[in-house]
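# Architecture at a glance
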Amino acid sequence: MRAFRAFAAYLRAGIGVMMQYRGEILLWAIWGLVNPAVLYAMWSAAAENNAGGTIAGYDRGGIAAYYFIIMIVGHFTTAWDTYEIGYLIRTGRMSSLLLRPILPIWKAMADNLAYKVATLMFVVPMWFLFAWLVSPDFQTSGWQLALGVVAMLLAGILNFILGYTVALVAFWVTKLDAVGEVYFGLGVLVGGRFAPLDALKGPLLWVAEVLPFRWIYAFPTELLIGRTTQQAEALAGIVYQVVWIAAGLLAFRLLWTAAVKRYAAVGG
């Protein structure tokens, strides 16, 4: 209960801090919209110039739906701890967090949620504007929408836990920026943010099947646009998400125990 009370306090404080930096969070929110918008323009043009007006099984309306949902999924699954923890250690700010009676991950979780809540006032109107401009074509039924929302929430939890766990490498190295870029890049390339996974071929498709990023981005997106048509396939995907979350939590507990023993400000 102490952790949950502290989390609620962190969340209130986090939202307050976010609202003090409205200009900065607006810029971050716009970036989350610009990238999918540019990719939509690129892939829709490719589809219209392709035989049959499709690419990877998507027509222009399908591509519009895909990147519209990617915008929303990207917002609700965003996490930045692969960059943040290295900064906290280098500056010595991690020391004060370790002295508190709850784990620092609770504050990181609250800050993450605070950002998503505080930026809704900016991104929701932009989502509606994008949908009005591109006219996405959805084939989504009620059960797909319900399971898609569940999948998106699980994807947000999964990305946060995996990102935070990967960031614990910062306890052994001085800078983590390169690791953060690799983690982010893999999410874009083999997670379905750059292109639908059906467009991937060869080794890239194999990597996408092995790594967890498809369950963070592509899976909830495909479910919410009606691309996943079998309930058994959708439920299996949710099971994969839960398994990855459990694996991430186990890895976090093991690495955290070793990390705090190794800790010294400025990377040891």
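A few points on the structure. (Residues numbered from 1 in each chain as written. Predicted model: local features only at pLDDT ≥ 70, side-chain atom pairs only at ≥ 80, totals over all residues. Heavy atoms only, no water.)

## Re the packing of aromatic side chains
The geometry of two aromatic rings is summed up by the distance between their centres and the angle between their planes. What counts here: Pairing of aromatic rings covers Phe, Tyr and Trp, the last counted by its six-membered ring, and requires centre-to-centre distances within 6.5 Å; plane angles under 30 degrees mean stacked, over 60 mean edge-to-face, and any other angle means tilted. Labels follow the DSSP assignment, with helices taken as runs of H or I lasting at least four residues and strands as runs of E lasting at least two, numbered in each case from the N terminus. The classification of residues rests on relative accessible area computed with a 1.4 Å probe and restricted to protein chains. Under 20% of the type maximum is buried, over 50% is exposed, and intermediate values are partly exposed. For a ring to carry a charge above it, either NZ of a lysine or CZ of an arginine must fall within 6 Å of the ring centroid while also lying within 35 degrees of the normal to the ring plane.
A full pass over the atoms with the stated rule returns 16 aromatic pairs. Pairing Trp-80 with Tyr-115 gives two aromatic rings, centres 5.5 Å apart and planes at 80 degrees, and the pair type is edge-to-face. Of the two residues, Trp-80 is situated in the loop between helix H3 (60-77) and helix H4 (81-91) and Tyr-115 in helix H6 (residues 104-118); the sequence distance between them amounts to 35 residues. Residue class for Trp-80 comes out partly exposed when judged on its relative accessible area of 24%. Judged by its relative accessible area of 10%, Tyr-115 falls in the buried class. Residues Trp-215 and Phe-219 carry aromatic rings whose centres are separated by 5.4 Å and whose planes lie at 65 degrees to one another, so their mutual orientation is edge-to-face. On the accessibility criterion, Phe-219 (3% relative accessible area) is buried. Pairwise contacts between aromatic rings join Phe-160, Tyr-164, Phe-171, Phe-252 and Trp-256 into one cluster. Taking NZ or CZ as reference, Arg-227 lies 3.9 Å from the ring centre of Tyr-58, over its face.

## A few points about the packing of H3 against helix H7 (residues 120-134)
The criterion, for reference: Where helices are involved, their axes are fitted lines through C-alpha atoms of the stretch in contact, as for all axes, and angles between N-to-C directions lie from 0 to 180°. For this classification, under 35 degrees means roughly parallel, over 145 means roughly antiparallel, 65 to 115 means roughly perpendicular, and everything else is oblique. Whether two residues are in contact is decided by their heavy atoms, any of which lying within 4.5 Å being enough. Lys, Arg, Asp and Glu make up the charged group, whereas Ala, Val, Leu, Ile, Met, Phe, Trp, Tyr, Cys and Pro make up the nonpolar group; the residues left over, Gly among them, are polar.
Look at H3 against H7: their axes get within 10 Å of each other, and the N-to-C directions meet at 175 degrees. For the element pair H3 / H7, the angle class is roughly antiparallel. On H7, the residues that touch Arg-60, Ala-64, Tyr-67, Phe-68, Met-71, Ile-72, His-75 and Phe-76 of H3 are Leu-120, Val-123, Trp-127, Phe-130, Ala-131 and Val-134. Residues belonging to the contact of H3 with H7 are distributed by class as follows: twelve nonpolar, one polar and one charged.

## Re the environment of Ala-170
Counting through the fold element by element, Ala-170 comes out in the loop between helix H8 (142-167) and helix H9 (177-190). Taking the C-alpha atoms as reference, Ala-170 lies 9.4 Å from Leu-88; in sequence the two are 82 residues apart.

## Re the nonpolar core
Cut-off, in case you're wondering: By nonpolar core is meant a set of buried Ala, Val, Leu, Ile, Met, Phe, Trp, Tyr and Cys residues that side-chain atoms within 4.5 Å join together.
Among the nonpolar cores identified, the biggest contains 80 residues, and Tyr-67, Ile-85, Met-94, Tyr-164, Phe-171 and Ile-216 are the most heavily contacted of them. When sequence neighbours within four positions are dropped, the list of residues in contact with Tyr-164 reads Asp-81, Ile-85, Pro-104, Ile-105, Ala-108, Phe-252 and Trp-256.

## Looking at the packing of H3 against H8
Test applied: Should the near helix be turned counterclockwise from the far one by less than a right angle, the crossing is left-handed, whereas a clockwise turn marks it as right-handed.
Put simply, H3 and H8 touch, their axes get as near as 8 Å, and they point 45 degrees apart. Comparing their axes, H8 and H3 come out oblique. Seen along the crossing, H3 lies across H8 with a hand that is right-handed. Contact residues: Ile-72, Val-73, Phe-76 and Thr-77 in H3; Met-152, Ala-155, Gly-156 and Asn-159 in H8.

## What about the side chain of Gln-241?
The test is simple: Nitrogen and oxygen atoms within 3.5 Å of one another constitute a polar contact, given that in protein one can donate a hydrogen and the other can accept it, and given that sequence-neighbouring residues count only through two side-chain atoms.
Within the element layout of this structure, Gln-241 appears in helix H13 (residues 231-262). With relative accessibility at 0%, the residue Gln-241 sits in the buried group. A distance of 2.9 Å separates the side chain of Gln-241 from the backbone oxygen of Ala-151, its partner in a polar contact. Excluding anything up to four places from it in sequence, Gln-241 contacts Ala-151, Leu-154, Ala-155, Trp-215 and Phe-219.

## Observations concerning unusual backbone geometry
The phi dihedral of Ala-56 falls on the positive side, at around 55 degrees, and the residue is not glycine. Examined against the element boundaries, Ala-56 turns out to sit in the loop between helix H2 (22-48) and H3. Assessed through its relative accessible area of 26%, Ala-56 is described here as partly exposed. For Ser-135, which is not a glycine, the phi torsion comes out positive at approximately 50 degrees.

## Some words on the environment of Gly-192
Tracing the sequence through the fold places Gly-192 in the loop between H9 and helix H10 (202-210). Gly-192 has contacts with Tyr-66, Ile-70, Gly-187, Leu-197 and Ala-218, leaving out every residue within four places of it along the chain.

## Quick notes on the pattern of salt bridges
Basically, it comes down to this: Salt bridges are defined by distance alone: a side-chain nitrogen of Lys or Arg within 4 Å of a carboxyl oxygen of Asp or Glu.
In the structure shown here, the tally under the stated rule is three salt bridges. Between Asp-198 and Arg-227 there is a salt bridge, with the nearest N and O atoms lying 2.8 Å from each other. You can see Asp-198 sitting in the loop between H9 and H10 and its partner Arg-227 sitting in the loop between helix H12 (218-224) and H13, a full 29 residues away along the chain. Accessibility expressed as a relative area gives 39% for Asp-198, which makes it partly exposed. Overall, Arg-227 belongs to the partly exposed group, its relative accessible area being 30%.

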